[in-house]
Amino acid sequence: METIRWNLKNNYLYNQKAIKGAAELLKSGSTVAFPTETVYGLGADATNAAAVSKIFEAKGRPQDNPLIAHVATKNQLTRVVDTYPPFVDKLIGVFAPGPLTFVLPSNGTCVENVTAGLSTIGVRIPDHPVACQLLTESDIPIAAPSANISGKPSPTTGNHVWADLQGKIAGILDAGPTGVGVESTVIDCTNEIPIILRPGGITKEQLETVVGSIMIDPTIAGDQPASPGMKYKHYSPEVPLWLVEGGYAKMQQIIDEEQKNDRRIGVIASTRTTQLLKVDNIIALGWGLPEIASHLYEALRTFKEGDVDIILCEAFPEEGIGQAIMNRLKKAASVYI
Ligand code: AMP
Ligand code: MG
């Protein structure tokens, strides 16, 4: 299949044409990748089972891992869900559009392979002009997981999507790098107290300011997570990743030891830590946690098989968006020391 690539520029007319073209593809049952504020999504009409199955095929995604449905407005949200508790309206008021996915009772509008046969549906309103225009233009709920091959780091640029899915999908709207850089927070809103199923772009602390008490699914780190997708291998770079607690001194010690064993090391760390380390191959993610989140997946994709033998990555504080960063890094790591 030839993949159409629209490179969106500051050209209103061209962009309008691209979005119309992408919406037509979606409405005719094809798959299109598009940017959101978190990562790129691979979209298909969430009311069309044959279209949705193309997402699973292109990504090699396990069938029992449900997809998130994306809608343009709160009004469109109520098209796909059944009644929900009042605290959801408060959360929507503050965090939608934004990187927060609500798990709510499904009203059956989205087909079974979107929800993996569950009675609930994950739905969110993305906060990115291209995603919003595409959803408005197509006027359908769009099922969209991250637009990468399953198991790899999620795509935060059009080039990442192109590298993974070129020839396997009908189109891509390329608008350059996304902003947040890690996926949405998934929150189960089917009980009286909301439960975080996946940490993400909206932090626990932010949610608490709106709804008071909130729980974190205790199985997030366990073997049987409540969110089906959390159990699979995820975010894996081409080279084994070692996640290192204990700051730059411990990292330097490991670098020196492994280099003595003739192993080539690539390092990923905060800008501050990179300034203290002595090693050739090093990627600085930025100063604060939000900047680190936005550059994380790009960094995980940079070191290729053959370039280095091990990637060493610094462990970050599990506060604010650091919870999402560390959740992804623990899944990506083969060693956590
Ligand atoms: P992705 O779109 O690749 O970021 O993955 C979507 C995430 O949302 C996965 O972790 C899914 O398991 C989770 N998810 C989607 N729908 C539901 C649902 N109805 N119940 C629980 N988790 C869900
Ligand atoms: Mg994903």
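Values in this document were obtained by computation on a predicted structure and should not be read as measured data.

Trainee: Got a minute to help me understand the state of the cysteines in this structure?
Mentor: In a disulfide, the sulfur atoms of two cysteines are held together by a covalent bond. Applying the stated rule across the entire model yields zero disulfides. Between Cys 189, a free cysteine, and Cys 110, which holds the nearest cysteine sulfur, the sulfur-to-sulfur gap is 16 Å. Using a relative accessible area of 0% as the deciding quantity, one classes Cys 189 as buried.

Trainee: Would you explain the nonpolar core in this entry?
Mentor: Across soluble globular proteins, nonpolar side chains show a tendency to be buried alongside one another. By size, the foremost hydrophobic cluster in this structure holds 46 residues, and its most contacted members are Leu 77, Leu 91, Phe 102, Leu 104, Val 114, Val 123 and Leu 207. For this core, the secondary structure elements donating two or more residues are strand S3 (40-45), helix H2 (49-59), helix H3 (74-80), helix H4 (87-95), strand S5 (100-105), strand S6 (120-124), helix H7 (158-165) and helix H8 (204-211). Aside from chain neighbours lying at most four places away, what touches Val 114 is Ala 46, Val 52, Pro 66, Leu 67, Ile 121 and Ala 143. Among the nonpolar cores identified, the runner-up in size contains 29 residues, and Val 39, Val 308, Ile 321 and Met 326 belong to it.

Trainee: Explanation requested: the sheet that holds strand S7 (residues 142-143) in the structure shown.
Mentor: The strands that make up a sheet are held in pairs by hydrogen bonds between backbone atoms, and each pair lies either parallel or antiparallel. Reading across from one edge, S1-S8-S2-S3-S7-S4-S6-S5-S9-S10-S11 is the order of the eleven strands in this open sheet, with mixed pairing throughout. The open sheet has two edge strands with one neighbour each: strand S1 (4-7) and strand S11 (215-216). Two elements, strand S4 (residues 68-70) and S7, share two bridges in a ladder whose sense is antiparallel. Bridged to Ala 69 within S7 is Ala 143. Contacting S5 and strand S9 (185-188), H4 crosses the sheet at an angle of about 155 degrees to S5.

Trainee: I tried to follow the pattern of salt bridges on my own but got confused; where do I start?
Mentor: Proximity of charged atoms lets side chains of opposite charge pair with each other. This model, assessed by the stated rule, comprises twelve salt bridges. The shortest N-O distance in the salt bridge between Asp 164 and Lys 152 comes to 3.0 Å. Of this pair, Asp 164 sits in helix H7 while Lys 152 sits in the loop between S7 and H7; the two residues are twelve residues apart in sequence, bridging distant segments of the chain. Assessed through its relative accessible area of 33%, Lys 152 is described here as partly exposed. In this structure, Arg 263 engages Glu 258 in a salt bridge whose closest nitrogen and oxygen atoms are separated by 3.2 Å. Here Arg 263 falls in the partly exposed class, since its relative accessible area comes to 36%. Taken together, the shared-partner salt bridges connect Lys 152, Asp 164 and Arg 301 into one network.

Trainee: Honestly, empty space enclosed by the protein in this entry has me stumped. Any pointers?
Mentor: A water-sized probe rolled over the atoms picks out the places where empty space is left. Applying the stated criterion across every chain, the model contains one cavity of 30 Å³ or more. A volume near 40 Å³ is recorded for the largest cavity. Lining the largest cavity are Thr 185, Ile 196, Pro 199, Gly 200, Ile 202, Thr 203, Lys 204, Gly 320, Ile 321, Gln 323 and Ala 324. Class assignment of the residues belonging to the lining of the largest cavity gives a composition of five nonpolar, five polar and one charged.

Trainee: Explain the side chain of Ser 236 to me, please; I cannot follow it from the model alone.
Mentor: Within the element layout of this structure, Ser 236 appears in the loop between S11 and strand S12 (241-244). The exposure class of Ser 236 is buried, given its relative accessible area of 14%. Beyond its immediate sequence surroundings of up to four residues, Ser 236 is in contact with Gly 151, Lys 152 and Pro 153.

Trainee: Whenever I open this one, the environment of Glu 257 confuses me. Can you help?
Mentor: Here Glu 257 is to be found in helix H9 (residues 247-260). The class for Glu 257 is partly exposed, based on a relative accessible area of 40%. When the C-alpha positions of Glu 257 and Val 180 are compared, they lie 35 Å apart, and in sequence the two are 77 residues distant.

Trainee: What's the story with the pairing of strand S8 (residues 171-174) in this structure? I'm lost.
Mentor: Successive residues of a regular strand alternate their side chains across the two faces of the sheet. Alternating residues of S8 divide into Gly 171 and Leu 173 and Ile 172 and Asp 174, and every residue in both groups is buried. Across four bridges, S1 lies against S8 in parallel orientation. Paired with Trp 6 across the two strands is Leu 173, which belongs to S8. Relative to S8, strand S2 (residues 32-35) is paired through two bridges, and the arrangement is parallel. Residue pairing across strands places Val 32 opposite Gly 171, the latter belonging to S8.

Trainee: Please explain the packing of H4 against H8 as it appears in this structure.
Mentor: Packed helix pairs are characterised by how far apart their axes lie and by the angle those axes make with each other. The N-to-C vectors of H4 and H8 enclose an angle of 125 degrees; their axes lie 9 Å apart at closest approach. By the angle between their directions, the pair H4 and H8 is classed as oblique. You can see that H4 and H8 cross each other, and the crossing is right-handed. The residues of H8 that touch H4, namely those facing Phe 87, Lys 90, Leu 91, Val 94 and Phe 95, are Gln 206, Leu 207, Val 210 and Val 211. Here the contact of H4 with H8 is built from residues that sort into seven nonpolar, one polar and one charged.

Trainee: Looking at this structure, I do not really get H9. What am I missing?
Mentor: Quick reminder: α-helices carry 3.6 residues per turn. Residues three or four places apart thus point the same way. Relative to the 20 Å expected for 14 residues at 1.5 Å per residue, H9 spans 21 Å between its end C-alpha atoms, a close match to the ideal helical length. Residues of H9 that are buried include every one of Met 251, Gln 252, Ile 254, Ile 255 and Glu 258, and no others. Down the axis, H9 shows its buried residues gathered within 165 degrees of arc, on one side only. Each element contacted by the buried residues of H9 is listed here: S12, strand S13 (265-269), helix H10 (271-274) and strand S15 (310-314). Count one or two residues on from H9 and you reach Asp 262, which has phi positive near 65 degrees.

Conventions adopted
Residues numbered from 1 in each chain as written. Chains lettered and ligands numbered in written order. Predicted model: local features only at pLDDT ≥ 70, side-chain atom pairs only at ≥ 80, totals over all residues. Heavy atoms only, no water. Disulfide = S-S within 2.5 Å. Buried < 20%, exposed > 50% of the residue type's maximum accessible area, 1.4 Å probe, protein only. Core = buried A, V, L, I, M, F, W, Y, C linked by side-chain atoms within 4.5 Å. Helix = DSSP H or I, 4+ residues; strand = E, 2+ residues; numbered from the N terminus. Contact = heavy atoms within 4.5 Å. Pairing = 2+ DSSP bridges. Axes fitted to C-alpha atoms, helices over the stretch in contact; angles between N-to-C directions. Salt bridge = Lys/Arg side-chain N within 4 Å of Asp/Glu carboxyl O. 1 Å grid on protein atoms, 1.4 Å probe; cavity = no way out; pocket = protein on both sides within 12 Å on 5 of 7 lines; lining within 4 Å. Points joined across faces, edges and corners; volume = space filled by probe spheres on them. Nonpolar A, V, L, I, M, F, W, Y, C, P; charged D, E, K, R; others polar. Parallel < 35°, antiparallel > 145°, perpendicular 65-115°, else oblique. Left-handed = near helix turned anticlockwise from the far one by under 90°. Expected span 1.5 Å × (residues − 1). Arc of directions from axis to C-beta.

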